[in-house]
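Okay, here's what each chain looks like letter by letter:
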Amino acid sequence: MSLNIFWFLPTSGDTRYLGKSDFGRPPSIGYLNQVDVATDNLGSDGLLIPTGSGCHDPFAVASSVVAVTKHLKLLVALRTSLAARWPPRAPPPANVSSTCAAALPTCTTSSIRP
């Protein structure tokens, strides 16, 4: 049985302690590429790219660091709860077109999803 070691890519900023909001180093793409190259050179198996409101877009980060990666696997952590609608929304009113037109003049009824 082999053990896979993945390193955490600090896309919300880097600090001495994980989860602190007062980061010491901003999450620039250059810095994230440095972390990627160092992780690759040290022999880790992959990088965990977090998802969250304070993080850079994980897919944009993955596409930028893949250019400097030689052997690493990229694991994007998805939070399905961020996309879920809870509590469920009420269905749109019967007069959707007039409600939509009042809110945005360029809106069409095809752009409204229940």
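Residues numbered from 1 in each chain as written. Predicted model: local features only at pLDDT ≥ 70, side-chain atom pairs only at ≥ 80, totals over all residues. Heavy atoms only, no water.

This part takes up the overall build of the chain. Summing up its helical and strand segments, the chain has 3 helices and 3 strands in all. Going residue by residue from the N terminus, the α and β elements of the chain occur as β-α-β-α-β-α. For the chain, buried positions account for 23% of its 114 residues. For the chain, contacts bridging at least 24 residues in sequence account for 63% of all contacts bridging at least 6. Accessible surface, the chain as shown: approximately 8,400 Å² in total, 60% of it carbon and sulfur. (Helix = DSSP H or I, 4+ residues; strand = E, 2+ residues; numbered from the N terminus. Buried < 20%, exposed > 50% of the residue type's maximum accessible area, 1.4 Å probe, protein only. Contact = heavy atoms within 4.5 Å. Areas by Shrake-Rupley, 256 points an atom, 1.4 Å probe, with all protein chains shown as cover.)

At a minimum axis distance of 10 Å, the contact between helix α1 (residues 29-41) and helix α2 (residues 58-65) shows a crossing angle of 60°. Here α1 is positioned oblique relative to α2, judged by the angle of their axes. Seen along the crossing, α1 lies across α2 with a hand that is right-handed. Contacts between α1 and α2 involve Ile-29, Leu-32, Asn-33 and Asp-36 from the first element and Val-61, Ser-64 and Val-65 from the second. Of the residues in the contact of α1 with α2, the class split is 4 nonpolar, 2 polar and 1 charged. (Axes fitted to C-alpha atoms, helices over the stretch in contact; angles between N-to-C directions. Parallel < 35°, antiparallel > 145°, perpendicular 65-115°, else oblique. Left-handed = near helix turned anticlockwise from the far one by under 90°. Nonpolar A, V, L, I, M, F, W, Y, C, P; charged D, E, K, R; others polar.)

Looking now at the sheet that holds strand β3 (residues 73-76). The parallel open sheet is built from 3 strands, whose spatial order is β1-β2-β3. On the outer flanks of this sheet lie β1 (6-8) and β3, each paired with one strand and no other. Shown here is a sheet whose adjacent strand axes are inclined to one another by a mean of 30°, direction ignored. Running at roughly 170° to β3, α2 makes contact with β2 (46-49) and β3 of the sheet. (Pairing = 2+ DSSP bridges.)

By the element assignment, Gly-30 lies in helix α1. Taking the C-alpha atoms as reference, Gly-30 lies 9.3 Å from Val-65; in sequence the two are 35 residues apart.

Moving on: the nonpolar core. The biggest cluster of nonpolar side chains holds 10 residues, and these are Leu-9, Tyr-31, Leu-32, Val-35, Leu-47, Ile-49, Val-61, Ala-62, Val-65 and Leu-72. Every element with two or more residues in this core is listed here: α1, β2 and α2. Ignoring any residue separated from it by four or fewer positions in sequence, one finds Tyr-31 in contact with Pro-10, Asp-14, Arg-25 and Pro-26. (Core = buried A, V, L, I, M, F, W, Y, C linked by side-chain atoms within 4.5 Å.)

Turning to the pairing of β2, a few remarks are in order. As judged from the 3 bridges shared by β1 and β2, these two strands associate in the parallel manner. Looking at β2, one finds that Trp-7 is bridged to Leu-47. Sheet topology places β2 next to β3; 4 bridges connect them, and they run parallel. When the bridges of β3 are listed, Ile-49 appears paired with Val-76. On the question of chirality, the crossover connecting β2 to the parallel β3 by way of α2 is right-handed. (Right-handed = clockwise from strand over helix to strand, strands pointing away.)

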